[in-house]
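A look at the structure
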Amino acid sequence: MNYKITLSSDEVPKNWYNILADLPCELPAPKNSEGKNQIADLEKAFTKEALKQEFAQDRYIKIPNEVRELYMKIGRPSPLFRATRLEEALNTPAKIYYKREDTSPTGSHKLNSAIPQAYFAKKEGVERLTTETGAGQWGTALSLASNMVGLDCTVYMVKVSFNQKPDRKNIMNIYDGNVFASPSENTEIGRKILADNPDHPGSLGVAISEAMEEALLNDDVKYSLGSVLNHVMLHQTIIGQELKVQLEKAEKEPDVMIACAGGGSNLAGCLFPFIKDKIDGNSDTEFIAVEPSACPTLTEGSYDYDFGDINGFTPMLKMFTLGHDFVAPSVHAGGLRYHGMSPIVSLLTKEGYITPTSAHQKDVFDAGIMFARNEGIVPAPETTHAIKVAIDEALKCKETGEEKTIVFNFSGHGMLDLKGYASYFEGTLQNAK
Ligand SMILES: *Cc1c(COP(=O)(O)O)cnc(C)c1O
């Protein structure tokens, strides 16, 4: 039996897959809120290539050779593993596979978009990228990618996370990222907030505003986002394209495919190439998005135009949203606490192609620990959401005797997020909501 299905470097996909060419209905465009000019701001804040890709209609977009080579150099294609010990522990006839995005140097899928974003910025003569980070994974990936192509990188990290997660700042510094606790003294908005309240804990909304302000005021600085937007979903599709070849090698067709959903990028990357087949009428695979019950965007939010940030600074996107002023309870899966969702993932959910579900914090940690004890890898708190539902699906197969093929995306490892596991063992883990 082949427990680990690998591909060689030259099997890194040559194109990104753009699902905008195949959507069952048109994606609603972003719009300005009244009296404001945010779309014009976007043109100043983002690289030309990112904006071009955001609205591109070509089904396949060529990956520049230099980017393809960087993907190879960081170890892509990533392996596909069969979870046989987990299957045995569950005593299920189901076959469980997981695509390992934790094997990336920064430990998650985020580098798949950080690399092309940094590459295009460098090509356009940009000197420095700015971004925000909450949990820390995106800031880590962008720090490394910027360093790889010779750009400076400034990361605004929400002050509470900055104080709680010194290891995250440390690793960004190792990759030569410049990390500031947000609100900071660097920007006008930061100084204003600190003048009103020197102890302001920060928020993702404030950090976005600081990172964007720098890009709007300086021609050689651009802003970069790690999820939600179409071009980020696009870059991540190398995951699903590799996975297709790997499943063919394993002679398996997926019956159920699962990913966790924060802003939607690892889900999009893993599932979109397979959702294409369903849109084309060639597949009846079931696609499941898993979110925390503490931040139930797809399962309980409304499908509406809303801002991307708390301050109403960005254009409005049509998406599932809990409202831009929604503040999620502090669950350990920091990457799944966003109030909105990728507009494409939202549309596909509304049209019935993706089935959303939610899971409680205690239950996902149970699943993550069971996984670690059988497969050996400690999953990121975000990833445990996908594991929980994969286990549930495998247990259903035990009831029915079906030998389904279950495939989930292993979005990242949890070696820098051990705090959640510590609370689990201390018995202080809250089952928020
Ligand atoms: C950022 C992150 C997520 C959530 O973001 P998506 O854009 O929804 O993929 C999930 N898992 C890991 C490990 C992450 O770093």
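Figured I'd write up the structure that's included with this text. (Residues numbered from 1 in each chain as written. Predicted model: local features only at pLDDT ≥ 70, side-chain atom pairs only at ≥ 80, totals over all residues. Heavy atoms only, no water.)

**Side note on the overall build of the protein chain**
Definition in use: Secondary structure elements are defined from DSSP: runs of H or I of at least 4 residues count as helices, runs of E of at least 2 residues count as strands, and each element is numbered from the N terminus. Here the globule rule reads 2.2 Å times residues to the power 0.38, and the radius of gyration is calculated from C-alpha atoms. Note on classification: 1.4 Å probe, protein chains only; a residue is buried when its accessible area is under 20% of the maximum for its type, exposed when over 50%, partly exposed between these limits. What makes two residues a contact is simply this: any of their non-hydrogen atoms within 4.5 Å. For accessible areas, the Shrake-Rupley method is used with a probe of radius 1.4 Å. Any residue's cover is judged against the shown protein chains and nothing else. When charges are counted, Lys and Arg contribute as positive and Asp and Glu as negative, whereas His and the chain ends are disregarded. Every charge is mapped to an atom, namely NZ of Lys, CZ of Arg, CG of Asp or CD of Glu.
Regarding its fold elements, the protein chain presents 18 helices and 15 strands. The C-alpha atoms of the protein chain give a radius of gyration of 20 Å, which matches the 22 Å a tight globule of 433 residues would have. Counting only residues that meet the buried cut, the protein chain has 61% of its 433 residues in that class. A fraction of 77% describes how many contacts in the protein chain between residues 6 or more apart in sequence connect residues 24 or more apart. Surface summary for the protein chain: the accessible area is close to 17,100 Å², and the carbon and sulfur share equals 47%. Here the protein chain holds 44 positive side-chain charges and 58 negative ones, and the gap between their average locations is 3 Å.

**Quick word on the environment of L42**
Within the secondary structure, L42 is located in helix α1 (residues 38–45). Taking the C-alpha atoms as reference, L42 lies 9.0 Å from M212; in sequence the two are 170 residues apart. Discounting chain neighbours no more than four positions away, the residues touching L42 are L51, M212 and P315.

**Some words on the site of the ligand**
The following threshold applies: Note on terminology: near, applied to a residue and a molecule or strand, indicates that one of the residue's heavy atoms is within 4 Å of it. A 3.5 Å cut-off defines polar contacts: any pair of N or O atoms within that distance qualifies, except that in protein one atom must be a possible hydrogen donor and the other a possible acceptor, and neighbouring residues in sequence count only when both atoms are side-chain atoms. For this classification, the nonpolar set comprises Ala, Val, Leu, Ile, Met, Phe, Trp, Tyr, Cys and Pro, the charged set comprises Asp, Glu, Lys and Arg, and every other residue, Gly included, is treated as polar.
Taken together, 18 residues sit near the ligand, with K110, S227, G262, S265 and N266 positioned nearest. The side chain of H109 places a nitrogen or oxygen atom 3.1 Å from an oxygen atom of the ligand. Contacts to the ligand include S227, whose side-chain N or O atom sits 2.5 Å from an oxygen atom. Protein contacts shield 97% of the accessible area of the ligand, which totals 380 Å² for the unbound molecule. Broken down by class, the residue content of the shell around the ligand amounts to four nonpolar, 12 polar and two charged.

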